[in-house]
Amino acid sequence: MQVILRQLGDCNIRRAEPSDLISVMEINLKTLPEHYSDYFYESLLAELPEAFIIAEIGGKHVGYIMCKTEYGFSNFKKLGFVKKGHVVSIAVLDEYRKKGIGRALVEESVNGVKLRKCDEFYLEVRCSNNEAVRLYEKLGFVIRQQLNAYYRDGEDAYLMAIELD
Ligand code: ACO
Ligand code: ZN
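Structure report, in brief.

**Observations regarding the environment of Arg116**
In step 1: On the secondary structure map, Arg116 appears in the loop between helix H3 (101-115) and strand S6 (120-126).
In step 2: Between the C-alpha atoms of Arg116 and Glu95, which are 21 residues apart in sequence, the distance is 33 Å.
In step 3: Each residue touching Arg116, except ones within four places of it in the same chain, is listed here: Glu47, Leu48, Pro49, Glu50 and Lys83.
In step 4: Within polar-contact distance, the side chain of Arg116 engages the backbone oxygen of Glu47 at 3.2 Å.

**Notes on the site of ligand 1**
In step 1: For ligand 1, the set of nearby residues contains 22 residues, the closest of which are Val92, Lys98, Gly100, Asn129 and Lys138.
In step 2: Within the backbone of Lys99, a nitrogen or oxygen atom sits 3.1 Å from an oxygen atom of ligand 1.
In step 3: Between ligand 1 and Asn129 there is a distance of 2.7 Å, counted from an oxygen atom to a side-chain nitrogen or oxygen.
In step 4: Out of a free accessible area of 1,000 Å², ligand 1 has 73% covered by protein chains.
In step 5: Structurally, ligand 1 is housed in the largest pocket.
In step 6: Secondary structure elements with two or more residues in the shell around ligand 1: strand S5 (81-92), H3, S6 and helix H4 (130-138).
In step 7: Of the residues in the shell around ligand 1, the class split is eleven nonpolar, four polar and seven charged.

What counts and how
- Think of each chain on its own: its residues are numbered from 1, step by step along the sequence as written.
- Just so you know, chain letters begin at A and ligand numbers begin at 1, following the order they were written in.
- Per-residue local features are limited, in this predicted model, to residues with pLDDT of at least 70; the limit for side-chain atom pairs, both in listing and counting, is 80 or more; totals at the level of whole chains, interfaces and linings are taken over all residues.
- Water and hydrogen atoms play no part in the side-chain values, which are based on all heavy atoms of the structure.
- Every helix listed is a DSSP run of H or I at least four residues long, and every strand listed is a run of E at least two residues long, numbered separately from the N terminus.
- Note on contacts: a residue pair is in contact if any heavy atoms of the two residues lie within 4.5 Å.
- Counting of polar contacts relies on pairs of N or O atoms within 3.5 Å, with two restrictions inside protein: one atom must be capable of donating a hydrogen and the other of accepting it, and residues adjacent in sequence are counted only when both atoms are side-chain atoms.
- Whether a residue is near a molecule or strand is decided by its heavy atoms; if any one of them lies within 4 Å of it, the residue is near.
- Only the protein chains shown count as cover for residues, and the accessible areas themselves come from Shrake-Rupley with a 1.4 Å probe.
- Cavities and pockets are found on a 1 Å grid laid over the protein atoms alone: a cavity is a set of points where a 1.4 Å probe fits but cannot escape, a pocket is an open set with protein on both sides within 12 Å along at least five of seven lines, and a lining residue has an atom within 4 Å of such a point.
- Assignment of a molecule to a cavity or pocket requires that more than half of its atoms lie within 2 Å of the corresponding grid points.
- Three classes are used: nonpolar for Ala, Val, Leu, Ile, Met, Phe, Trp, Tyr, Cys and Pro, charged for Asp, Glu, Lys and Arg, and polar for all others, with Gly counted as polar.

Treat this as a map of the structure, not an account of what it does.
Pasting the structure below:
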């Protein structure tokens, strides 16, 4: 059953289903240099469907966000061990950017990881990726660390995180 979370004009924001994964992989190939195996997409959808969300306009997939949960040291509390949501990847096709779709995907994934009782939500982003960093900052994420040579091409990442209530 399709779970539509919200509508932005003609764009539906809804939970992903197995039949969406090929389109998600195609968007990923077009928009980001980090790619994953088919199995990895399937496992993220199986493990955290609440935060695997797609944006669709008239049957065309235009964006996705996919996440996982982990237990680990807090990005905020000294010595705290917490449950964390982790944004593995988010992208919107170029032609559909700057319409609020990225924001809606992140907001709905926040709701999804809250359903799973995560204490914090975090992600890594290229330090040069101003659009993405600005979007996350607007939604309350803060830069907590700079990860040296995190990407295969040697670029650093910011680790950005938000505390959930
Ligand atoms: N009219 C004009 N501008 C608007 C409107 C509107 N109706 N709605 C939103 N905007 C503006 C926002 O205010 C924001 O502006 P700002 O950057 O000046 O603050 C800007 O559009 C972007 O916000 P959204 O529209 O919500 O986001 P978008 O759909 O463009 O998606 C994303 C952002 C996902 C980062 C996109 O640029 C993208 O796919 N980039 C390539 C892939 C990528 O870099 N992904 C992130 C990697 S990090 C990771 O995956 C963890
Ligand atoms: Zn990550």
